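Descriptive structure summary
Chain by chain, the residues:
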Amino acid sequence: MTDNDLAERRVLRQTEGFFDGKSPGVTLMLGAAFVGVVAVLDYLLGDRLSVALFYVMPIGLVTWNLGMRWGAVAALVSTAAALLSELAYPHYDLLPWWNGIFRFAVFLSEVVLLGTLRRIIVAQWDHLEREAAVTSGLRELNEVKDTLLHAVSHDLKGPLAGILGSVQTLHRAEQIGLTEEERTTMLDMIEQGGKKMNRLVDDLLDLDRLDRGHIQPERTPTDVSELARRVARELPGMESHPVRVEASHVLVDVDAAKVERIIENLLVNARRHTPAGTPVHIRAHGRSNGIVLVIEDEGPGIPDDLKEVLFEPFRQGAGAGGRGVGIGLSLVKKFAELHGGTAHVEDGEQGGARFVITLPGDVTEVPTELKRLQAV
């Protein structure tokens with residue numbers, strides 16, 4: 001069931017009652033006015049024409065919109081109004097009383113019938129909405145599964161192809177006269193492919209363990225500025241993007257491995273979504289209760305509508321081109337929250353994307369003589 005179907009169902013459900021959206025007081029006033037009009041007509045017409053049938057309309061109005069309890073009140077009021085209009089004619093002796101009893105029984109039957117019908121319809125709508133919600137959830141899960149399978153297979157095929165190609169080349173090394181330098185290159189390709197596959201598996205496992213609450217931060221005093229410089233220097237593929245690190249040297253009690261993954265994932269995200277040569281800036285500044293880590297690029301930026309869902313698993317930007325599984329930013333947020341911190345994205349000063357990560361922890365400032373700013 002599509003979102004349009006759900007919207008149509010909501011509109012239809014809103015039109016079930018004659019006066020849905022009105023307050024009970026308004027409905028009661030309309031019902032009372034309706035009864036009064038019918039009673040006046042009943043009195044004016046006398047025994048020339050019976051309008052008793054019209055009493056069922058205000059009773060139905062009140063019952064359908066307010067339930068059987070108020071419907072019973074409307075039936076009693078209608079019966080009393082009809083009885084009074086008949087008692088105004090003295091030649092009727094006991095007949096009006098018997099008519100009143102009969103009418104009340106008929107009106108009450110209408111109340112029970114309409115009230116029961118209304119309950120059945122409401123129950124059916126509730127059942128349909130629950131089924132629609134389940135169907136929508138299953139559809140989203142199926143889409144996530146398809147996205148995950150496509151992305152994982154894509155990310156696995158690349159490293160596997162490189163590994164298989166390198167191994168096949170090494171097997172034919174003597175036949176094709178492979179030099180020692182070329183052998184080393186092939187081995188490096190195998191190692192990089194294996195690391196990529198291992199990283200993908202680790203990301204998926206960590207995402208599952210984080211959702212289950214099976215991971216706790218292992219805090220140690222860490223110089224996040226030096227950690228950021230090392231990651232920027234050693235991360236494969238960042239040669240195409242100049243990275244500048246501006247950070248004060250402070251020791252913060254954080255999980256160094258998780259913070260390293262945060263920086264890696266944000267740098268990989270910047271590399272994937274910005275043209276080659278786009279500068280990336282890393283800033284880390286300590287404060288009294290932790291550190292603020294900012295990674296900003298000078299790329300095309302992120303649309304506002306995508307910012308709200310960017311940290312959800314298996315979400316990718318329009319420029320991803322099918323690269324990546326779409327869990328890197330999700331892990332960034334989850335690792336930050338694991339420390340009791342936050343992660344959000346905003347527009348950068350140069351129009352690109354700025355990711356701001358807060359990491360609470362005990363802070364120990366490094367001696368002044370060791371403080372410096374260093375470009376990578």
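Let us look at the structure shown here.

Parameters at a glance
- Numbering of residues starts from 1 in every chain and runs along the sequence as written.
- Per-residue local features are limited, in this predicted model, to residues with pLDDT of at least 70; the limit for side-chain atom pairs, both in listing and counting, is 80 or more; totals at the level of whole chains, interfaces and linings are taken over all residues.
- To obtain the side-chain values, all non-hydrogen atoms of the structure were included, while hydrogens and water were left out.
- Here a strand is any run of E in DSSP of at least two residues, a helix any run of H or I of at least four, and the numbering for each starts at the N terminus.
- Burial classification: accessible surface area is computed with a 1.4 Å probe over protein chains only, and a residue below 20% of its type maximum counts as buried, one above 50% as exposed, and the rest as partly exposed.
- Only heavy atoms enter the contact rule, under which two residues are in contact if any of them lie within 4.5 Å.
- Surface accessibility follows the Shrake-Rupley procedure with a 1.4 Å probe radius. Residue values consider only the protein chains on display as shielding.
- N or O atoms within 3.5 Å of each other form a polar contact, as long as, within protein, one can give a hydrogen and the other can take it, and as long as residues adjacent in sequence are counted only when both atoms are side-chain atoms.
- When a carboxyl oxygen of Asp or Glu is within 4 Å of a side-chain nitrogen of Lys or Arg, the pair counts as a salt bridge.
- Note on geometry: axes are C-alpha line fits, over the in-contact stretch for helices, and angles between N-to-C directions span 0 to 180 degrees.
- Oblique is the label for every angle not falling under 35 degrees (roughly parallel), over 145 degrees (roughly antiparallel), or within 65 to 115 degrees (roughly perpendicular).
- Here is the rule for handedness: rotate from the far helix to the near one, and if that takes an anticlockwise turn smaller than a right angle the crossing is left-handed, while a clockwise turn gives right-handed.

On to the overall build of the chain. Per the secondary structure count, the chain includes eleven helices and nine strands. A buried classification covers 38% of the 376 residues belonging to the chain. Put simply, 72% of the contacts in the chain that link residues at least 6 apart link residues at least 24 apart. Within the structure as shown, the chain displays about 21300 Å² of accessible surface, and the carbon and sulfur contribution to it stands at 60%.

Let's shift gears to the side chain of N65. The residue N65 is located in helix 3 (residues 56-66) in this model. Here N65 falls in the buried class, since its relative accessible area comes to 16%. Among the polar contacts listed, one links the side chain of N65 to the backbone oxygen of L61, at a separation of 2.8 Å.

Across all of its chains, the model carries 15 salt bridges by this definition. When the shortest N-O distance is used, the salt bridge between K258 and D255 registers 3.5 Å. We note that K258, like D255, is buried. The salt bridge partner of K307 is D347, with a shortest N-O separation of 2.6 Å.

Now for the packing of helix 9 (residues 256-273) against helix 11 (residues 328-338). Describing two packed helices takes the angle between their axes plus the distance from one axis to the other. Where helix 9 contacts helix 11, the two axes come as close as 9 Å, and the packing angle between them is 150°. Between helix 9 and helix 11, the crossing angle belongs to the class labelled roughly antiparallel. The hand of the helix 9/helix 11 crossing is left-handed. Residues K258, R261, I262, N265, L266 and N269 of helix 9 form the contact with helix 11, whose own contacting residues are G328, L329, L331, V332, F335, A336 and L338.

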